[in-house]
Amino acid sequence: DDVFEIQEKVSRSIVDSLKLKISPEEKELISKNPTKNLEAYNLYLKGRFFFFNGTREGQIKSMEYYEKALSEDPDYSLAYAGLADTFYVQATFGWLPLEEGLSRAKENAKHALDIDKELAEAHSILGVILGSYDWKYKEAKTELSLAIRLNPKCLGAHQYYSGFLDALGQNEDARVHINIAIGLDPSFFYLYILSAQLY
């Protein structure tokens, strides 16, 4: 029942034991919990699991779990960001009409930011849409850079920023970010496909 408190204590204990110097922002990340509802948290984790499945069925399942998480906690910003991600992916792969998927992705990302304006996952979705579909490169770079600054361990931010940089012809910088993404989740097969494309 105290999983969130335990996670924070373990994180702080590791920092103290290793005598790490961390910034005030990193300290805040350690103690930040987007939900206090354990059931919502578990449902969110299931949503993430199916999101990384890489199939249309996985995306649909992922959405179902995010929606269940939101029924448990309507203010769960990460679940809204997860929905935004699934709508974006489905639109990109043609599993939803493009305009509908992008519109719903933006809507959910903005809703997440209404709850937590510093949620990296939501900024990264807005950034990739601004860069890939709205052709607003300056705003896209701002959103994606902000996402990475807010949470340097946000896999989606590095993944999306990598593609954005490559589209701008900055391949070496793109490779840096796809490698960071792979380091954050070496088991996510799609990152290797993106990495190969960058070569």
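It should be emphasised that the depicted structure is a prediction, and the values quoted were computed from it without experimental measurement.

Positionally, Asn108 belongs in helix α6 (residues 98-115). A polar atom in the side chain of Asn108 sits 2.9 Å from the backbone oxygen of Arg104. Contacts of Asn108, omitting those with residues within four sequence positions, involve Tyr80, Leu83, Ala84 and Phe87.

Turning next to the nonpolar core. Counting 54 residues, the largest nonpolar core has Tyr76, Tyr88 and Leu191 as the members making the most contacts within it. The element best represented in this core is helix α5 (residues 77-92), accounting for 10 residues. Excluding anything up to four places from it in sequence, Tyr88 contacts Gly101, Leu102, Ala105, Val128, Ile129, Ser132, Tyr133 and Tyr160.

A few words now on the packing of aromatic side chains. By convention here, two paired aromatic rings are described through the distance between centres and the angle between planes. Per the counting criterion, the structure on display carries 15 aromatic pairs. Where Phe93 meets Trp95, the ring centres are 5.1 Å apart and the plane angle is 20°; that geometry is what we call stacked. Among the residues examined, Phe93 registers a relative accessible area of 42% and is labelled partly exposed. Residue classification places Trp95 among the partly exposed positions, given a relative accessible area of 22%. For the pair Tyr137 and Phe164, a centre-to-centre distance of 6.2 Å together with 45° between the ring planes defines the contact as tilted. Of this pair, Tyr137 sits in helix α8 (residues 137-150) while Phe164 sits in helix α9 (residues 155-167); the two residues are 27 residues apart in sequence, bridging distant segments of the chain. On the accessibility criterion, Tyr137 (39% relative accessible area) is partly exposed. Three or more aromatic residues joined by ring pairs make a cluster, and in this case those are Phe51, Phe52, Phe93, Trp95, Phe188, Phe189 and Tyr190. Cation over ring: Arg48 sits above Phe51, and NZ or CZ is 4.9 Å from the ring centre.

Our next topic: the pattern of salt bridges. Per the stated rule, a full pass over the model turns up three salt bridges. The partner of Asp85 in a salt bridge is Arg48, with the nearest N and O atoms 3.9 Å apart. Taken together, the positions of Asp85 in helix α5 and Arg48 in helix α3 (residues 38-51) put the pair 37 residues apart, joining distant regions of the chain. Look at Asp85 and you get buried, because its relative accessible area is 9%. Residues Arg104 and Glu100 are paired through a salt bridge, measuring 3.7 Å at the closest nitrogen-oxygen approach. With a gap of four residues between them, Arg104 and Glu100 both fall in helix α6, about one helical turn apart. Exposure remark for Arg104: the relative accessible area of 34% places this residue in the partly exposed category.

This part is about a nonpolar patch on the surface. Together, Trp135, Tyr137 and Leu168 make up an exposed nonpolar region whose accessible area comes to about 340 Å². Counting through the fold element by element, Leu168 comes out in the loop between α9 and α10 (171-184). The partly exposed category is assigned to Leu168, whose relative accessible area is 36%.

The predicted model of the protein averages 90 in pLDDT, with 84% of residues at 70 or higher. Mean pLDDT values for the elements of the protein range from 60 in helix α2 (residues 24-31) up to 97 in α6.

Quick look at the packing of α3 against α5 now. Packing of α3 against α5 brings their axes to within 10 Å, and their N-to-C directions diverge by 20°. On the basis of the axis angle, α3 is roughly parallel to α5. Judged by the twist between their axes, the crossing of α3 over α5 is left-handed. Touching Tyr44, Arg48 and Phe51 of α3 are Leu78, Ala79, Gly82, Asp85, Thr86 and Val89, all from α5. Its residues assigned to classes, the contact of α3 with α5 comprises five nonpolar, two polar and two charged.

Calculation rules
Residues numbered from 1 in each chain as written. Predicted model: local features only at pLDDT ≥ 70, side-chain atom pairs only at ≥ 80, totals over all residues. Heavy atoms only, no water. Helix = DSSP H or I, 4+ residues; strand = E, 2+ residues; numbered from the N terminus. Polar contact = N/O pair within 3.5 Å; in protein donor to acceptor, adjacent residues only side chain to side chain. Contact = heavy atoms within 4.5 Å. Core = buried A, V, L, I, M, F, W, Y, C linked by side-chain atoms within 4.5 Å. Buried < 20%, exposed > 50% of the residue type's maximum accessible area, 1.4 Å probe, protein only. Phe/Tyr/Trp six-rings, centres within 6.5 Å; stacked < 30°, edge-to-face > 60°. Lys NZ or Arg CZ within 6 Å of the ring centre and 35° of its normal. Salt bridge = Lys/Arg side-chain N within 4 Å of Asp/Glu carboxyl O. Patch = residues over 30% accessible without salt bridge, like charges linked within 9 Å, V, L, I, M, F, W, Y side chains within 5 Å. Areas by Shrake-Rupley, 256 points an atom, 1.4 Å probe, with all protein chains shown as cover. pLDDT = per-residue confidence, 0-100. Axes fitted to C-alpha atoms, helices over the stretch in contact; angles between N-to-C directions. Parallel < 35°, antiparallel > 145°, perpendicular 65-115°, else oblique. Left-handed = near helix turned anticlockwise from the far one by under 90°. Nonpolar A, V, L, I, M, F, W, Y, C, P; charged D, E, K, R; others polar.

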